[in-house]
Amino acid sequence: MRIRSASSDTAEVMMSPLIDAVFLLLIFFLVATMLKKEKRDIDIIPPESSSTVKLLPDDDMLVLGVNREGDFFWQGVEVTLEELHHRLREVAIENPHRRLRFDADFMTPYVHVVKVLDLAQFNGMTNVGIRTYDAKYNR
Amino acid sequence: MRIQRKRNSAAEEAVMMSPLIDCVFLLLIFFLATSQIKRWERQIPVTLADPSASLSLESRSDAYYLGVDEAGNIYHESGKSSNGVTLFSPVENLEVFLSELIAERGGSAPVELVVEKETPFQTVIDVLDTLQHQGLQEVRSRIRHGKISRGDDA
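So, a few notes on the structure that sits alongside this text. Remember, it's a predicted structure, so these values are computed and weren't measured experimentally.

Considerations on the nonpolar core
One broad trend across soluble globular proteins is that nonpolar side chains are buried collectively.
Line of reasoning, step 1. Leu88(A), Leu100(A), Phe102(A) and Leu131(B) are the most contacted members of the largest nonpolar core, which totals 46 residues.
Line of reasoning, step 2. Looking at which element gives the most residues to this core, the answer is helix H4 (residues 110–122) of chain A, with eight residues.
Line of reasoning, step 3. With residues up to four places along the chain from it excluded, the contact list for Leu100(A) reads Leu62(A), Leu64(A), Leu88(A), Ala120(A), Met125(A), Asn127(A), Val128(A) and Gly129(A).
Line of reasoning, step 4. Counting five residues, the second largest nonpolar core, distinct from the first, contains Tyr75(B), Phe88(B), Val114(B) and Ile148(B).

Side note on the sheet that holds strand S2 (residues 64–68) of chain B
All names here are of chain B.
Line of reasoning, step 1. Taken in spatial order, the five strands line up as S4-S3-S2-S5-S6 in an open sheet, and their pairing is mixed. Single-partner strands in this sheet number two, and they are strand S4 (86–90) and strand S6 (139–144). Across this sheet, the average inter-strand angle for adjacent strands is 35°, counted without regard to direction.
Line of reasoning, step 2. The pairing of S2 with strand S5 (residues 111–116) spans five bridges and is classified as parallel. Bridging from a neighbouring strand, Val68 pairs with Val115 of S5.
Line of reasoning, step 3. Along the sheet, helix H2 (residues 94–105) makes contact with S2, strand S3 (74–80) and S5, crossing S2 at roughly 170°.

Remarks on the pattern of salt bridges
Line of reasoning, step 1. Counted according to the given criterion, the structure contains 13 salt bridges over all chains.
Line of reasoning, step 2. The residue Glu41(B) makes a salt bridge to Arg101(A) at a minimum N-O spacing of 3.1 Å. Of the two residues, Glu41(B) is situated in strand S1 (residues 41–46) and Arg101(A) in strand S5 (residues 99–104); the pairing between them involves two chains.
Line of reasoning, step 3. According to the relative accessible area criterion, Glu41(B) is buried, its value standing at 4%.
Line of reasoning, step 4. Residue Glu138(B) pairs with Arg140(B) through a salt bridge whose shortest N-O separation is 3.0 Å.
Line of reasoning, step 5. Among the ionic contacts, a cluster of salt bridges with common partners joins Asp41(A), Arg101(A), Asp103(A), Arg131(A) and Glu41(B).

Remarks on the packing of helix H3 (residues 81–94) of chain A against H4(A)
Residues and elements named next belong to chain A.
Line of reasoning, step 1. The interhelical angle for the contact between H3 and H4, taken along N-to-C directions, is 25°, at an axis separation of 10 Å. Judged by the inter-axis angle, H3 sits roughly parallel to H4. For the element pair H3 and H4, the recorded crossing hand is right-handed. Residue-level inspection shows Leu81, Leu84, His85 and Leu88 of H3 in contact with H4, the latter providing Lys115, Val116, Leu119, Ala120 and Phe122.
Line of reasoning, step 2. Grouping the amino acids of the contact of H3 with H4 by side-chain chemistry returns seven nonpolar, one polar and one charged.

Concerning the pairing of S6(B)
Residues and elements named next belong to chain B.
Line of reasoning, step 1. As paired elements, S5 and S6 share six bridges and run parallel to each other. Along S6, the bridge assignment pairs Val114 with Arg142.
Line of reasoning, step 2. In this view, the connection linking S5 to its parallel neighbour S6 by way of helix H3 (residues 121–134) has right-handed handedness.

Digging into the packing of aromatic side chains
Residue and element names in this part refer to chain B.
Line of reasoning, step 1. Under the criterion given, the structure shown has two aromatic pairs over all chains.
Line of reasoning, step 2. Where Tyr64 meets Phe97, the ring centres are 6.2 Å apart and the plane angle is 45°; that geometry is what we call tilted. With Tyr64 in strand S2 and Phe97 in helix H2, this residue pair connects regions lying 33 residues apart in the sequence.
Line of reasoning, step 3. Looking at Tyr64, the relative accessible area reads 13%, which means it is buried.

Brief notes about H3(A)
Helical periodicity: at 3.6 residues per turn, an α-helix aligns residues three or four positions apart in one direction.
All names here are of chain A.
Line of reasoning, step 1. Helix length check: H3 (14 residues) gives 20 Å between terminal C-alpha atoms against 20 Å at 1.5 Å per residue, within 8%.
Line of reasoning, step 2. All buried positions along H3 are accounted for by Leu84, Leu88, Val91 and Ala92. Here the buried residues of H3 occupy an arc of 95° about the axis, which is enough to place them on one side. The exposed set on the far side of H3, more than 90 degrees from its buried face, consists of Glu82, Ile93 and Glu94.
Line of reasoning, step 3. Of the surrounding elements, those touching the buried residues of H3 are strand S2 (62–66), strand S3 (72–74), strand S4 (77–79), S5 and H4.

Considering the pairing of S3(B)
For a regular strand, side-chain orientation follows a simple rule: the groups alternate between the two sheet faces.
All names here are of chain B.
Line of reasoning, step 1. Relative to S3, S2 runs antiparallel, the two sharing three bridges. In the strand pairing of S3, Gly67 is matched with Tyr75.
Line of reasoning, step 2. Between S2 and S3, which pair antiparallel and follow one another directly, the connecting turn spans five residues, one of which, Gly72, has a positive phi of 95°.
Line of reasoning, step 3. As defined by bridge partners, S3 adjoins S4 across four bridges and the pair is classed as antiparallel. Across the sheet, residue Tyr75 finds its bridge partner in S4, namely Pro90.
Line of reasoning, step 4. Hairpin remark: S3 followed by S4, antiparallel, with five residues in the connecting loop; positive phi at Gly84, about 90°.

What counts and what doesn't
- Residues numbered from 1 in each chain as written.
- Chains lettered and ligands numbered in written order.
- Predicted model: local features only at pLDDT ≥ 70, side-chain atom pairs only at ≥ 80, totals over all residues.
- Heavy atoms only, no water.
- Core = buried A, V, L, I, M, F, W, Y, C linked by side-chain atoms within 4.5 Å.
- Buried < 20%, exposed > 50% of the residue type's maximum accessible area, 1.4 Å probe, protein only.
- Helix = DSSP H or I, 4+ residues; strand = E, 2+ residues; numbered from the N terminus.
- Contact = heavy atoms within 4.5 Å.
- Pairing = 2+ DSSP bridges.
- Axes fitted to C-alpha atoms, helices over the stretch in contact; angles between N-to-C directions.
- Salt bridge = Lys/Arg side-chain N within 4 Å of Asp/Glu carboxyl O.
- Parallel < 35°, antiparallel > 145°, perpendicular 65-115°, else oblique.
- Left-handed = near helix turned anticlockwise from the far one by under 90°.
- Nonpolar A, V, L, I, M, F, W, Y, C, P; charged D, E, K, R; others polar.
- Right-handed = clockwise from strand over helix to strand, strands pointing away.
- Phe/Tyr/Trp six-rings, centres within 6.5 Å; stacked < 30°, edge-to-face > 60°.
- Expected span 1.5 Å × (residues − 1).
- Arc of directions from axis to C-beta.

Take a look at the structure:
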């Protein structure tokens, strides 16, 4: 019956999954803090609309933007219209069905909106959506 | 002594379980919290015309033209000038006008918005919303560089 003292061994065995879990947590937090997503939203107020659909954001989604001054943005970085065209063509060659979100300010002159939509059309992008205002934008 | 050992070891085992469960709960709560970061967003789906359609040299004559100017006023087509430019007259009440138009032409007949280039995006979205709510299924838009040509009642 002295062998029963082996139960103290099993009690020590319980330590290892605990340490495992703590390490898992540590590693998870490390990874989670490193994976900070690049900011793709630009400083605009999107238009309000009553005919919208609710969609889940997609990490692979392409975000194009134009502000009220008519500056164009690719994934949150300001680019020229030519650069936008060039990059969009490369994306369209790879996968024309990739989701494309278009952010435009509510005061943007319509001519700039049409320029971007024309580019998307010209390159044959098929999955385009215009982002509209909701209370949680940029928060 | 044997009894004491037994009790001690049993008590140790029971104590070791609870921090483990704590950790698991912490993990659970952390995942719950992080999964809420992904939020829904609202979008208007856009159907872009087939690129080959823009190769057509003839303008489509089946579309009814509606004009939108910079100030957000709506116009309907009221004929053509002698050199072929579409002339527009103001619309008083868009909803009433559209219901009459749909009664006359049906909801599936295409409508084309002629928008002055400096018109704010929100104005165009508002007009497109109204058209959508009235039940028009095919709406296109294009830019007009310069002012919309007003008809005889301008």
